Each structure stands twice: as structure tokens, then as C-alpha cells.
Amino acid sequence: GIQVEQSPPDLILQEGANSTLRCNFSDSVNNLQWFHQNPWGQLINLFYIPSGTKQNGRLSATTVATERYSLLYISSSQTTDSGVYFCAVYYGNNRLAFGKGNQVVVIP
Amino acid sequence: KAGVTQTPRYLIKTRGQQVTLSCSPISGHRSVSWYQQTPGQGLQFLFEYFSETQRNKGNFPGRFSGRQFSNSRSEMNVSTLELGDSALYLCASTLGDTEAFFGQGTRLTVV
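All values derive from a computational prediction rather than experimental measurement.

Asker: Please give an account of the pattern of salt bridges that cites residues and values.
Answerer: Going through the model one piece at a time under the given rule, you end up with six salt bridges over all chains. Arg 58 of chain A is the partner of Asp 81 of chain A in a salt bridge, and the nearest nitrogen-oxygen pair spans 2.8 Å. With Asp 81 of chain A in the loop between strand S8 (69–74) and strand S9 (83–90) and Arg 58 of chain A in the loop between strand S6 (52–56) and strand S7 (59–64), this residue pair connects regions lying 23 residues apart in the sequence. By relative accessible area, Arg 58 of chain A is classed as partly exposed at 26%. Between Arg 63 of chain B and Glu 82 of chain B there is a salt bridge, and its shortest N-O distance comes to 3.6 Å. With a gap of 19 residues between them, Arg 63 of chain B in the loop between strand S6 (53–57) and strand S7 (64–68) and Glu 82 of chain B in the loop between strand S8 (74–78) and strand S9 (87–94) connect regions that are remote in the sequence. A residue is classified by how much of its surface remains accessible, and Glu 82 of chain B, at 43% relative accessible area, is partly exposed. Connected through salt bridges with shared partners, the residues Arg 63, Glu 82 and Asp 85 of chain B form a single ionic network.

Structure follows, in C-alpha cells:
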């Protein structure tokens, strides 16, 4: 099956710092999403991004489908950005393959 | 607009029992998919239903089954529970083959 790799697995940031999370995938995909998992387990949608760049406040994402990777940028990080970020790719009818996540800790 | 609703939120069951989890998708969404999240295996796809038909199934034993009703609500059932079935079960709702929205999940503990 399709492989999704996220890096780095763990990241500790000082509040106010910028960071980049990377997602590589092994095969052509129909689409890609980034999620943030809240402490209660719910996956919160950040971006639905098959290609190109999107921005939402301090977060932005870029997907280069032809090179099979996507990047999530966090600028001016805040403690509320802490948590696990997941990249998921579509490879069939509404079938998502997830990476193992990026655990981000933002310290004040 | 109401989001994806999963019930119950928490569940404790004994080995050998069976369990049924429910997922109500966003109004108008006809696709519901289920995922299992464990610390060891991460998030894994279980199955997907569209208009009451199972279109995809992940690599899980036959003890895991599901169905979808005409109102698009879906249930998944796990029979003969094992300790390893303890997990967070997440349901996603999709309007056609587009962006997925997840519910809050059901946390199942098997003792």
C-alpha cells in the first residue's frame, strides 16, 4: 500500500519560532489533507490541498504532487499550536492513508 | 451546520464481548469511513460506505464489520473483543470524493 512519512517525528519550539513539517508519500494520490489532533482525539481540518499553496492565518501549506511531498508551515508559534499534526493522502474512494504524525510542543 | 457525531464517546467492554459504535455524518454527506487509532499502529483505515454500499475495506479481521443506513448513518461492530482492539475509533464524513471531516471519536477500552 501507499506509504506516508512525516518528519520530524518530534519538534520542540520556543514560542514565536517558525517551523516546517514535511510529508512524503510513495505514490500518486488524488488529494491530501493536513489535520491537527486535539487533546480529546478529534482530527481538526487544517488544509485540503491537492497541489499549490494555501494559507490560513499563521499556518500555510504547500503540496508538490509531482514530487510527492507536502509541507506545513507554522509561523510565530503559540502554545496552542502544540499537539500532533497528521498528513493524510487519498488513494481510493475516500480512503485515507495517514502518516505517523509530527508531535509539536511549543514552550513559552 | 452540525458536524460528525459519534456515539458513545467512551466505552469499556470485557474480552469476548461485542460492541457497536455509531456515526452520524454531516447532513447531505453520503460517504462514511472508519479508522482505528492505536499508539502502536497509528491511524488505520477500516472501511468506507457510500449510499449503503461498502466500497473499500482495510486489512482487518472479519470480526470488524459495518453497515450504512438509508439516512447515511453508519455503525461498526466488533465481535469477540480482544485486548488489542482497545483504541480510538474515528469516523469521517465526506460529500462525494472530497474533503473528509472527522467526528470526536469513540474511545474503546477492552479489559
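So that's the structure; there's more coming.
Asker: Before we move on, can you summarise the environment of Thr 5 of chain B with the specific residues and values?
Answerer: All names here are of chain B. Inspection of the secondary structure puts Thr 5 in strand S1 (residues 5–7). Under the relative-accessibility criterion, Thr 5 is labelled partly exposed at 42%. The spacing of Thr 5 and Cys 23 is 18 residues in sequence and 5.7 Å in space, taken between C-alpha atoms. If we skip the residues at most four places from it in the chain, Thr 5 touches Ser 22, Cys 23 and Ser 24.

Asker: Pulling in residues and values, what's your account of the sheet that holds strand S3 (residues 19–25) of chain A?
Answerer: Residue and element names in this part refer to chain A. The strand order S1-S3-S8-S7-S6 describes an open sheet built from five strands, whose pairing is antiparallel. Edge strands, defined here as strands with exactly one partner in the open sheet, are strand S1 (4–7) and S6. In this sheet, neighbouring strand axes are inclined to one another by 15° on average, regardless of whether the strands run parallel or antiparallel.

Asker: I'd like a rundown of the interface of chain A and chain B, residues and numbers included.
Answerer: With 17 residues of chain A at the contact, the number on the chain B side is 27 residues. Taken over both partners, the interface formed by chain A and chain B buries close to 1,800 Å², and the fraction arising from carbon and sulfur atoms is 45%. When residues of chain A are sorted by the area they lose upon contact with chain B, Asn 93, Asn 94 and Arg 95 of chain A head the list and together hold 33% of the total. Here chain A and chain B share zero salt bridges between them. Across the chain A-chain B interface, the total number found is 10 residue pairs in polar contact (both at pLDDT 80 or more). For the side of chain A that touches chain B, the secondary-structure elements that each account for two or more residues are strand S4 (31–37), strand S5 (43–48), S9 and strand S10 (96–98) of chain A.

About the cut-offs
Residues numbered from 1 in each chain as written. Chains lettered and ligands numbered in written order. Predicted model: local features only at pLDDT ≥ 70, side-chain atom pairs only at ≥ 80, totals over all residues. Heavy atoms only, no water. Salt bridge = Lys/Arg side-chain N within 4 Å of Asp/Glu carboxyl O. Helix = DSSP H or I, 4+ residues; strand = E, 2+ residues; numbered from the N terminus. Buried < 20%, exposed > 50% of the residue type's maximum accessible area, 1.4 Å probe, protein only. Contact = heavy atoms within 4.5 Å. Pairing = 2+ DSSP bridges. Axes fitted to C-alpha atoms, helices over the stretch in contact; angles between N-to-C directions. Buried area = accessible area lost by both parts, 1.4 Å probe. Polar contact = N/O pair within 3.5 Å; in protein donor to acceptor, adjacent residues only side chain to side chain.

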